[in-house]
Amino acid sequence: MTTRRWQLAHGRYLDLGPKAVVAGILNVTPDSFSDGGLFIAPEKALEQARRMVKEGAAIIDVGGESTRPGFAPITVEEEQGRVLPVIAALAASGEALISVDTYREDTARRAVAAGAHIVNDVWGLQREPGIARVAAETGAGLIIMHTGRERQKLADVIEDQFLFLRKSLEIARAGKVADSQIVLDAGFGFAKETAEENLDLMARFSELQALGYPLMAGTSRKRFIGTVTGREPGERAAGTAATSVILRLKGADLFRVHDVAINVDALAVTDAMLQRETELPPGH
């Protein structure tokens, strides 16, 4: 499996390819769909971050605004008041790489200044294109996510991915973001309204490798897993781990999850099998 070095802020990097990388979700929000309010206090957030690092997360993804369907937007001041103290404390501890989950240019800039290494934009640079400038100027890793919200989607799930993400990549290039900084995220659940649409995206996920960038998968506790399993959000860890295995086999490099340990273990077995597969002599 090809190794690609992902450039991050503050002189850091991650080698992607041979081993799956897990990012633990840290929502410092009162209203996220499965863990709203649990970690909004900074001390609780730091406890959870340390727990996820101990379980094997290489990245802690800190978000201050819920992105669930029907979420209530907050002000930039509210968002920064939630995420910046947590990012600064995590950076001081040096325990993990830090990602900020935001689509706001000012929050991204302040978060990187506070110690974040990665900017994770769920609007794929198409809400505030200035995030591309932040990434270019700071060297931060940039996760560009696909969304179908607030626009007319194409009927074919992969054609719509290409349509949206190519536009995002044009914005990134115009902003002078280096290819080595970019990871793409298919945006499971973001205006993919049915289980079938999300399952179709999983089944065809490997087609996204044609875009030429490392890929992130963010299926954790999503509604389509609940539709398939009949489980409530907090009971979807096993279903999420199953999707992680499938998507690893289809080329995903990074996995953004709430339940770190079960996904780390599932992906370790997957990686061991993939490695063994390369070692077998022809015909076996």
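Residues numbered from 1 in each chain as written. Predicted model: local features only at pLDDT ≥ 70, side-chain atom pairs only at ≥ 80, totals over all residues. Heavy atoms only, no water.

Asks: Tell me about the packing of aromatic side chains, and name the residues and values.
Replies: Tallied over the full model, the rule gives two aromatic pairs. Ring centres of Phe188 and Phe224 lie 6.2 Å apart, and the angle between their planes is 25°; this geometry places the pair in the stacked category. A residue pair is termed long-range when its members are at least 10 positions apart, and Phe188 in the loop between strand S8 (182–185) and helix H6 (195–203) and Phe224 in helix H7 (residues 223–229) qualify at 36 residues. Note on Phe188: relative accessible area 1%, which makes it buried. In this structure an aromatic cluster arises from ring pairing among Phe188, Phe205 and Phe224. Here the guanidinium or amino end of Arg5 rests over the ring plane of Tyr13, the centre of that ring lying 3.6 Å away. (Phe/Tyr/Trp six-rings, centres within 6.5 Å; stacked < 30°, edge-to-face > 60°. Helix = DSSP H or I, 4+ residues; strand = E, 2+ residues; numbered from the N terminus. Buried < 20%, exposed > 50% of the residue type's maximum accessible area, 1.4 Å probe, protein only. Lys NZ or Arg CZ within 6 Å of the ring centre and 35° of its normal.)

Asks: Hey, could you go over the pattern of salt bridges for me, with residue numbers and the actual values?
Replies: Under the defined criterion, the tally for this structure stands at 19 salt bridges. Note that Arg256 is salt-bridged to Asp101, the shortest N-O span being 3.0 Å. You can see Arg256 sitting in strand S10 (residues 254–257) and its partner Asp101 sitting in strand S5 (residues 97–101), a full 155 residues away along the chain. Exposure class is identical for Arg256 and Asp101. Each is buried. Between Arg133 and Glu105 there is a salt bridge, with the nearest N and O atoms lying 3.2 Å from each other. A residue pair is termed long-range when its members are at least 10 positions apart, and Arg133 in helix H4 (residues 131–138) and Glu105 in helix H3 (residues 105–114) qualify at 28 residues. Here the salt bridges do not stand alone but share partners, grouping Glu105, Arg109, Arg133 and Glu137 into one network. (Salt bridge = Lys/Arg side-chain N within 4 Å of Asp/Glu carboxyl O.)

Asks: An account of the packing of helix H2 (residues 76–93) against H3 is requested, with residue identities and associated values reported.
Replies: Where H2 meets H3, the closest approach of the two axes is 9 Å, and the angle between their N-to-C directions is 20°. Judged by the inter-axis angle, H2 sits roughly parallel to H3. H3 is crossed by H2, and the crossing has right-handed handedness. Contacts between H2 and H3 pair Val76, Glu79, Gln80, Val83, Leu84, Ile87, Ala88 and Ala91 from the former with Asp106, Thr107, Arg110, Ala111 and Ala114 from the latter. (Axes fitted to C-alpha atoms, helices over the stretch in contact; angles between N-to-C directions. Parallel < 35°, antiparallel > 145°, perpendicular 65-115°, else oblique. Left-handed = near helix turned anticlockwise from the far one by under 90°. Contact = heavy atoms within 4.5 Å.)

Asks: Give me the lowdown on helix H5 (residues 157–174), citing residues and values where you can.
Replies: One turn of the α-helix equals 3.6 residues, which is why residues spaced by three or four share an orientation. For H5, which comprises 18 residues, the first-to-last C-alpha distance of 26 Å matches the rise-based estimate of 26 Å (1.5 Å per residue) to within 8%. Buried within H5 are the following residues: Val157, Ile158, Asp160, Gln161, Phe162, Phe164, Leu165, Ser168, Leu169, Ile171 and Ala172. Taken together, the buried residues of H5 touch H4, strand S7 (141–145), S8 and H6. Structurally, the start of H5 carries an N-cap: the backbone nitrogen of Ile158 is 3.0 Å from a side-chain oxygen of Asp156. Lys176, located one to two residues past H5, shows a positive phi value of around 70°. (Expected span 1.5 Å × (residues − 1). Polar contact = N/O pair within 3.5 Å; in protein donor to acceptor, adjacent residues only side chain to side chain.)

Asks: Residues and numbers for the sheet that holds S10, please.
Replies: Taken together, the eight strands give a closed barrel; going around it, the order is S3-S4-S5-S6-S7-S8-S9-S10, and neighbouring strands pair in parallel fashion. Adjacent strand axes in the sheet meet at a mean angle of 25°, parallel and antiparallel pairs treated alike. Here strand S3 (residues 21–27) runs beside strand S4 (residues 59–63); their pairing, made up of five bridges, is parallel. Paired with Ala23 across the strands is Ile59, a residue of S4. Sheet contacts for H5: S7 and S8; angle to S7, the most-contacted strand, approximately 150°. (Pairing = 2+ DSSP bridges.)

Asks: Report on the environment of Glu207, specifying residues and quantitative values.
Replies: Topologically, Glu207 is positioned in the loop between H6 and strand S9 (215–217). For Glu207, a relative accessible area of 32% gives the class partly exposed. Sequence separation between Glu207 and Gln161 is 46 residues; the distance between their C-alpha atoms is 10.0 Å. Here Glu207 is in contact with Ile158 and Phe162, once residues within four sequence places are set aside.

Asks: An account of the side chain of Arg82 is requested, with residue identities and associated values reported.
Replies: Tracing the backbone shows Arg82 in helix H2. Glu78 is the oppositely charged side chain nearest to the buried, salt-bridge-free Arg82, at an N-O distance of 4.6 Å. Among the polar contacts made by the side chain of Arg82, one reaches the main-chain carbonyl oxygen of Gly64 at a distance of 2.7 Å. (Lys, Arg positive; Asp, Glu negative; His and termini not counted.)

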